[in-house]
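# Residue-level structure breakdown
One-letter residues, chain by chain:
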Amino acid sequence: DIRDALDEFRDVFSEMPAVLLLELFSIHHTLDKNGNNLISWRQLSDVIRVLNSYLQRRALCGYDTSDLTNYFPGLLKGILDECNGNYENLVEIFKKHVVNQSRGFAAKMPTDTEIRERLLNADMYSIRASVKIFFKKLENENNNVKIDFSKLNIEHLMPQNTTKLWLESLDT
């Protein structure tokens, strides 16, 4: 659903992909000769979800964001060039460009291994905002009852000082 994707994007709070999103919304509002939107709400929602994943993964890994302002216009151009007016495969093309064409560059998409490593070893207090988004998404995934996180804070995931009882309960 587009509302959920946009709500998640608001949580990420990044203005850098604005040029990309504005253009995709503009194309969405353009009608083909049969009166259909060139890009469906579903496609737009899926693109925003991939974009959210990209931004969240980078934030969790603590990657520098200074180069991303220049990344999104080029990304948009590559996607539009490949679509060439036919947006039927927009989501797949978007994924391909975000994942594959940023490899080895400052704008790269972190791998699952990098995310796992970061979650296991990072100082969670330094990336608290990203962790909150991560937990919100995790909690709401496949959950019929949505939780209002607006009044919740993350205090401590684990005790600041482990005790024998904690270690026993974790079976370590």
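Conventions we followed
- Residues numbered from 1 in each chain as written.
- Predicted model: local features only at pLDDT ≥ 70, side-chain atom pairs only at ≥ 80, totals over all residues.
- Heavy atoms only, no water.
- Phe/Tyr/Trp six-rings, centres within 6.5 Å; stacked < 30°, edge-to-face > 60°.
- Helix = DSSP H or I, 4+ residues; strand = E, 2+ residues; numbered from the N terminus.
- Buried < 20%, exposed > 50% of the residue type's maximum accessible area, 1.4 Å probe, protein only.
- Arc of directions from axis to C-beta.
- Axes fitted to C-alpha atoms, helices over the stretch in contact; angles between N-to-C directions.
- Parallel < 35°, antiparallel > 145°, perpendicular 65-115°, else oblique.
- Contact = heavy atoms within 4.5 Å.
- 1 Å grid on protein atoms, 1.4 Å probe; cavity = no way out; pocket = protein on both sides within 12 Å on 5 of 7 lines; lining within 4 Å.
- Points joined across faces, edges and corners; volume = space filled by probe spheres on them.
- Nonpolar A, V, L, I, M, F, W, Y, C, P; charged D, E, K, R; others polar.
- Left-handed = near helix turned anticlockwise from the far one by under 90°.
- Core = buried A, V, L, I, M, F, W, Y, C linked by side-chain atoms within 4.5 Å.
- Expected span 1.5 Å × (residues − 1).

### Details of the packing of aromatic side chains
Each aromatic ring pair is described using two quantities: the centre-to-centre distance and the angle formed by the ring planes. In total, this model carries four aromatic pairs according to the counting rule given. With a centroid separation of 6.3 Å and an interplanar angle of 65 degrees, the aromatic rings of phenylalanine 25 and tryptophan 41 are classed as edge-to-face. Of this pair, phenylalanine 25 sits in helix α2 (residues 18–28) while tryptophan 41 is found in helix α3 (residues 41–61), placing the two residues 16 residues apart along the sequence. The class for tryptophan 41 is partly exposed, based on a relative accessible area of 42%. Here the aromatic cluster, defined as three or more aromatic residues joined through ring pairs, consists of Tyr54, Tyr71 and Phe72.

### Looking at helix α1 (residues 2–12)
Residues of α1 that are buried: Ile2, Ala5, Glu8, Phe9 and Val12. Axial view of α1: buried residues confined to an arc of 130 degrees, hence all on one face. For α1, the exposed residues set more than 90 degrees away from the buried face come down to Arg3 and Arg10. Positive phi appears at phenylalanine 13, one or two residues downstream of α1, with a value of about 50 degrees.

### Focus on the packing of α2 against α3
Between α2 and α3, whose axes approach to 10 Å, the crossing angle comes to 170 degrees. As judged from the angle between their axes, α2 and α3 are roughly antiparallel. Here Leu20, Leu21, Leu24, Phe25 and His28 of α2 come into contact with α3, specifically with Trp41, Leu44, Val47, Ile48 and Leu51.

### Focus on the layout of surface pockets
The volume enclosed by the largest pocket comes to roughly 450 Å³. Forming the boundary of the largest pocket are 15 residues, of which Asp4, Glu8, Arg49, Asn140 and Lys146 lie nearest the centre. Elements with a minimum of two residues in the lining of the largest pocket: α1, α3 and α7 (128–140). Among the residues making up the lining of the largest pocket, the classes are represented as two nonpolar, four polar and nine charged.

### Let's talk about the packing of α3 against helix α6 (residues 112–121)
At a closest axis distance of 9 Å, the pairing of α3 and α6 adopts a crossing angle of 45 degrees. Compared by their axis directions, α3 and α6 come out oblique. By crossing handedness, the relation of α3 to α6 is classed as left-handed. Taken together, the residues of α6 that come into contact with α3 (itself represented by Arg57, Leu60 and Cys61) are Asp112, Glu114, Ile115, Arg118 and Leu119. Of the residues assigned to the contact of α3 with α6, the class counts are four nonpolar, no polar and four charged.

### Points about the nonpolar core
One broad trend across soluble globular proteins is that nonpolar side chains are buried collectively. Core analysis: the biggest nonpolar cluster contains 33 residues, and Tyr54, Phe72 and Phe94 have the highest contact counts within it. Put simply, the parts of the chain that give this core at least two residues each are α1, α2, α3, α4 (68–83) and α5 (90–100). Look past the residues within four positions of phenylalanine 94 in its chain and what remains in contact with it is Leu20, Val47, Val50, Leu51, Leu75 and Ile79. In terms of nonpolar packing, the next biggest core, distinct from the first, is built from seven residues, Cys61, Ile115, Ala122 and Val131 among them.

### Focus: α3
Given 3.6 residues per helical turn, the α-helix brings residues three or four places apart onto the same face. Spanning 21 residues, α3 covers 30 Å between terminal C-alpha atoms, matching the ideal 30 Å at 1.5 Å per step. Positive backbone phi, at 70 degrees, marks glycine 62, one or two positions downstream of α3.

### What to know about the environment of proline 110
On the secondary structure map, proline 110 appears in the loop between α5 and α6. C-alpha of proline 110 to C-alpha of alanine 18: the two residues are 92 residues apart in sequence and 21 Å apart in space. Every residue in contact with proline 110, bar those within four places of it in the chain, is listed here: Arg57, Arg58, Cys61, Tyr63 and Ile115.

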